[in-house]
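Here are the chains, one letter per residue:
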Amino acid sequence: MAFSVTGRRCCPLKLLEINNTLLSYCLQNSTPLPKAVVDVLSRTRSRQQFGDKLLSSVQVLQMNRLLIKLTGAKKILDIGTYTGVSAVNSALATSKTGKVYSFEKSHKHIKTAQENIQMSGVEDRVSIIQGEAKNSLERLCETDEGSFGFSYIDADKANYPAYFDLSLRLLKPGGFIAIDNTLYRGLVTNSTDKTGQRINAANNYFSQSREVELIMLNIGDGYTIAIKES
């Protein structure tokens, strides 16, 4: 496994980043992630039952922080908790009165995420909602439609289009959706890889939406940003 180093901080590289000769230079000249976020990344890597595969890349987490700060988002969707890295990252980027709603069905992941969130000192800003994310988001739409400023999607790939649509319902105009893994190891053009084809179909779905303006970026494992039009 290759790693990126920013100062004294070490984080895993995604497959598409390994041959990027300028990545280290970019990271060295960017604001590093907060220590609490790097600590969660390190703890996740050190636990055998977790590891690097499902972690967001450094640049993706940095971009999420900038978008939250740019919009001043105080209500944030975090679809796919895993060990809590993106939830902690978002909580530290929003204001002290902000709230991150994080969605996860795995009991094991929730237990670890709660530990990491508490160790990071942001337990008052993160609420983990257990269960199928699609069902939880649909229930949230009944009470909170049009009130969120930012949504980060990094969960089961088959439901990406549904998460996109539900995020749009929950976002207010001018809110951002950020979607991870939209290049999925470079396999989105591989007709034999099932996950790659799911992501490819999802990317086509996103790009045809008339409710957003979006851009796909070749950072991390592929990162798409969409802004909800007025």
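In this text the structure is predicted, and so the values were computed from the model without any measurement.

What counts and what doesn't
Residues numbered from 1 in each chain as written. Predicted model: local features only at pLDDT ≥ 70, side-chain atom pairs only at ≥ 80, totals over all residues. Heavy atoms only, no water. Helix = DSSP H or I, 4+ residues; strand = E, 2+ residues; numbered from the N terminus. Rg over C-alpha atoms; globule rule 2.2 N^0.38 Å. Contact = heavy atoms within 4.5 Å. Lys, Arg positive; Asp, Glu negative; His and termini not counted. Charge placed at Lys NZ, Arg CZ, Asp CG, Glu CD. Buried < 20%, exposed > 50% of the residue type's maximum accessible area, 1.4 Å probe, protein only. Phe/Tyr/Trp six-rings, centres within 6.5 Å; stacked < 30°, edge-to-face > 60°. Salt bridge = Lys/Arg side-chain N within 4 Å of Asp/Glu carboxyl O. Polar contact = N/O pair within 3.5 Å; in protein donor to acceptor, adjacent residues only side chain to side chain. Pairing = 2+ DSSP bridges. Right-handed = clockwise from strand over helix to strand, strands pointing away.

A. Spatial organisation of the overall build of the chain. Along its length, the chain carries 8 helices and 9 strands. A compact globule built from 230 residues would reach a C-alpha radius of gyration of about 17 Å, and the chain, at 16 Å, matches this within 12%. Seen through its C-alpha atoms, the chain measures out along the principal axes to roughly 45 × 45 × 35 Å. Taking the intrachain contacts of the chain between residues at least 6 apart in sequence as the baseline, contacts between residues at least 24 apart amount to 70%. Distance between charge centroids for the chain: 5 Å, based on 28 positive and 22 negative side chains.

B. Quick peek at helix 7 (residues 160-170). Burial of helix 7 is extensive: 8 of the 11 residues sit out of reach of the surface. Regarding helix 7, the residues found buried are Tyr160, Ala162, Tyr163, Phe164, Leu166, Ser167, Leu168 and Leu170.

C. The packing of aromatic side chains, seen in detail. What the rule picks out here adds up to 3 aromatic pairs. Here the aromatic rings of phenylalanine 164 and tyrosine 205 are separated by 6.4 Å at their centres, their planes lie at 80°, and the arrangement is edge-to-face. One end of the pair, phenylalanine 164, is in helix 7; the other, tyrosine 205, is in helix 8 (residues 194-207), with 41 residues separating them in the sequence. Judged by relative accessible area, tyrosine 205 falls into the partly exposed class, the value being 37%. A centroid spacing of 4.7 Å and a plane angle of 35° characterise the contact between phenylalanine 164 and phenylalanine 206, whose relative ring orientation is tilted. Placement of phenylalanine 164 in helix 7 and of phenylalanine 206 in helix 8 is noted, with a sequence separation of 42 residues between them.

D. Broad picture of helix 4 (residues 85-93). The buried count for helix 4 comes to 8 of 9 residues, which makes it a mostly enclosed element. The complete set of buried residues in helix 4 reads Val85, Ser86, Ala87, Val88, Asn89, Ser90, Ala91 and Ala93.

E. The arrangement of the side chain of lysine 228 in detail. Along the chain, lysine 228 falls in strand 9 (residues 223-228). Nearest to the buried, unbridged lysine 228 among oppositely charged side chains is glutamate 211, at 5.4 Å. Within the local environment of lysine 228, its side chain forms a polar contact with the backbone oxygen of leucine 168, the two atoms lying 2.7 Å apart. Separated by 2.7 Å, the side chain of lysine 228 and the backbone oxygen of leucine 171 make a polar contact. Excluding residues within four positions of it along the chain, lysine 228 makes contact with Leu168, Arg169, Leu171, Lys172, Pro173, Gly174, Gly175, Glu211 and Val212.

F. Structural detail: the pairing of strand 6 (residues 148-153). Along strand 6, 6 of the 6 residues are buried, which leaves the element largely enclosed by surrounding structure. Strand direction decides the pairing type here: strand 3 (residues 75-79) and strand 6, joined by 4 bridges, are parallel. Looking at strand 6, one finds that isoleucine 79 is bridged to isoleucine 153. Across 5 bridges, the pairing between strand 6 and strand 7 (residues 171-180) is parallel. Bridged to isoleucine 153 within strand 7 is isoleucine 179. Running through helix 7, the crossover from strand 6 to the neighbouring parallel element strand 7 is right-handed.

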